[in-house]
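# Understanding the architecture of this molecule
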Amino acid sequence: MAKLIVTRDGTVVGHFFVDQDAFVIGRQPGCNLVLDEGAVSKQHAVIVSVANDQILEDQSTNGTLVNGTQVEKHILQNNDLIQIGSYVIKYMNQRAAREMDFDQTMLLSKDVLDAEMERAAAVDKPAEKQPGVSEARITGVKLPEGELRPLNGVASARSVQLTRVIHPVGLPEKCYAVILRRPHGFHLQPVVGSRAIKVNGQGVGDSQVLLNQGDEIAVGAEIYTLNLR
């Protein structure tokens, strides 16, 4: 289990275990880690657990640094130093990937995506409760609810419930994207074959796109509409 050591002005102010699927850091009471400082946003950043990796996502106005570099998303590695305002947070996890070389246009490593594909394939087994990130267990933060409804015969005839932090769409070797479930909404992140990935008929390139109710999402030959609840 990953551990955070929080210091301020060189003094240790707390130790925290990252034992939630989404561990929220911010100024607002109810966050998993509350940092009481004006430079810290109400919900400043979140650490999302995906398979064996944990991903830090900045959600602030003032920014988040990792090892001195401002980041939007960063796959955490053992001994990384996260700076938020005047706080320095040391991330400790002996199991964290050390060899990750992750392009800014790619959100996740191939191994992580493959793990998500295996998890998605197992969703149709009703007797089995899916492990990992199938349910949100966040204190003080509500995740959105929604589903993908297929619009053509390539996809499954059934709607797909968006209950995990990351949901894969498409074929990994041809055209592939992931839908991210975040506190402020669902986002589409292209991974492979971005030219064939569109939202409401418009190409998205390599950019991450915030999805809205009724959006038509095309990933290669698969076409869906998003239904929010």
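Structure: above.
The numbers attached to residues start from 1 for each chain and follow its sequence in the written order. Restriction of local features to residues with pLDDT of at least 70 applies here, the model being predicted, together with a cutoff of 80 or more for giving and counting side-chain atom pairs; totals for whole chains, interfaces and linings are based on all residues. Side-chain figures throughout are based on the complete set of non-hydrogen atoms in the structure, without hydrogens or water.

The nonpolar side chains of a soluble globular protein tend to be buried with one another. If you look at the biggest cluster of nonpolar residues, it comprises 20 residues, and the most contacted ones within it are Leu 35 and Ile 89. Helix numbering and strand numbering both begin at the N terminus, where a helix is a DSSP run of H or I of at least 4 residues and a strand a DSSP run of E of at least 2. When residues of this core are traced back to their parent elements, those giving at least two are strand 1 (2-8), strand 3 (22-26), strand 5 (45-50), strand 10 (81-84) and strand 11 (87-92). Note on definitions: a residue-residue contact is assigned when non-hydrogen atoms from the two residues lie within 4.5 Å. Non-local contacts of Ile 89, meaning those with residues more than four positions away in its chain, are made with Leu 4, Ile 5, Val 6, Ile 25, Leu 33, Leu 35, Asp 80, Leu 81, Ile 82 and Ile 84. Remark: nonpolar core denotes a set of buried residues (Ala, Val, Leu, Ile, Met, Phe, Trp, Tyr, Cys) joined through side-chain atoms within 4.5 Å. Each residue's exposure class comes from its accessible area (1.4 Å probe, protein chains only) as a fraction of the maximum for that residue type: buried when under 20%, exposed when over 50%, partly exposed otherwise.

All right, on to the sheet that holds strand 18 (residues 202-203) then. At least two DSSP bridges between two strands are needed for those strands to be called paired. Ordered by their spatial adjacency, six strands build an open sheet running 13-12-21-20-17-18, and the pairing between neighbours is antiparallel. Here the strands that pair on one side only, and so sit at the sheet edges, are strand 13 (160-161) and strand 18. Taken together, the four bridges between strand 20 (residues 216-219) and strand 21 (residues 222-228) define a ladder with antiparallel strand orientation. Looking at the pairing, Ile 217 lines up with Tyr 224 of strand 21.

Burial of strand 11 is one-sided: the residues Tyr 87, Ile 89 and Tyr 91 facing one way are buried, the residues Val 88, Lys 90 and Met 92 facing the other way are not. Relative to strand 11, strand 1 is paired through six bridges, and the arrangement is antiparallel. Residue pairing for strand 11: Thr 7 is matched across the bridge by Val 88. Pairing between strand 10 and strand 11: four bridges, direction antiparallel. Paired with Gln 83 across the two strands is Val 88, which belongs to strand 11. Between strand 10 and the antiparallel strand that follows it, strand 11, lie two residues; Gly 85 among them carries a positive phi value of about 60 degrees.

On to the side chain of His 44. With respect to the helices, strands and loops of the structure, His 44 is situated in the loop between strand 4 (33-34) and strand 5. Classification of His 44 as buried rests on a relative accessible area of 0%. Identification of polar contacts relies on pairs of N or O atoms within 3.5 Å, with a donor-acceptor requirement for protein atoms, meaning one able to donate a hydrogen and the other able to accept it, and with residues adjacent in sequence counted only if both atoms are side-chain atoms. In terms of polar contacts, His 44 uses its side chain to reach the backbone carbonyl oxygen of Gly 63, at 2.9 Å. Within the structure, His 44 has its side chain in polar contact with the side chain of Thr 64 (distance 3.2 Å). Residues within four places of His 44 in sequence aside, it is in contact with Ile 25, Gly 26, Ala 39, Glu 57, Asp 58, Gln 59, Ser 60, Gly 63, Thr 64 and Ile 84.

Here we come to unusual backbone geometry. In this structure, Asn 79 takes a positive phi of about 75 degrees despite not being glycine. Of note, Asn 79 is situated in the loop between strand 9 (73-75) and strand 10. Residue classification places Asn 79 among the partly exposed residues on the basis of a relative accessible area of 38%. The phi angle at Asn 200 is positive, at roughly 55 degrees, despite the residue not being glycine. Here Asn 200 is to be found in the loop between strand 17 (197-199) and strand 18. The exposure class assigned to Asn 200 is partly exposed, which follows from its relative accessible area of 43%.

As a further point, take the environment of Lys 198. Along the polypeptide, Lys 198 turns up in strand 17. Judged by relative accessible area, Lys 198 falls into the partly exposed class, the value being 35%. For the pair formed by Lys 198 and Leu 188, sequence separation is 10 residues and the distance between their alpha carbons is 9.8 Å. If we ignore the near neighbours within four places in the chain, the residues touching Lys 198 are Gly 203, Glu 216, Ile 217 and Ala 218.

The sheet built from six strands is open, its strands ordered 2-1-11-10-7-8 with antiparallel pairing. Only two strands of the sheet have a single partner each, and these edge strands are strand 2 (11-18) and strand 8 (69-71). This sheet shows a mean twist of 30 degrees between the axes of neighbouring strands, independent of strand direction. Examined bridge by bridge, strand 7 (residues 64-66) and strand 8 share three bridges and lie antiparallel to one another. Pairing of Val 66 across the sheet is with Thr 69, part of strand 8. Fitted lines through C-alpha atoms give the axes, limited to the stretch in contact for helices. The angle between two N-to-C directions lies from 0 to 180 degrees.

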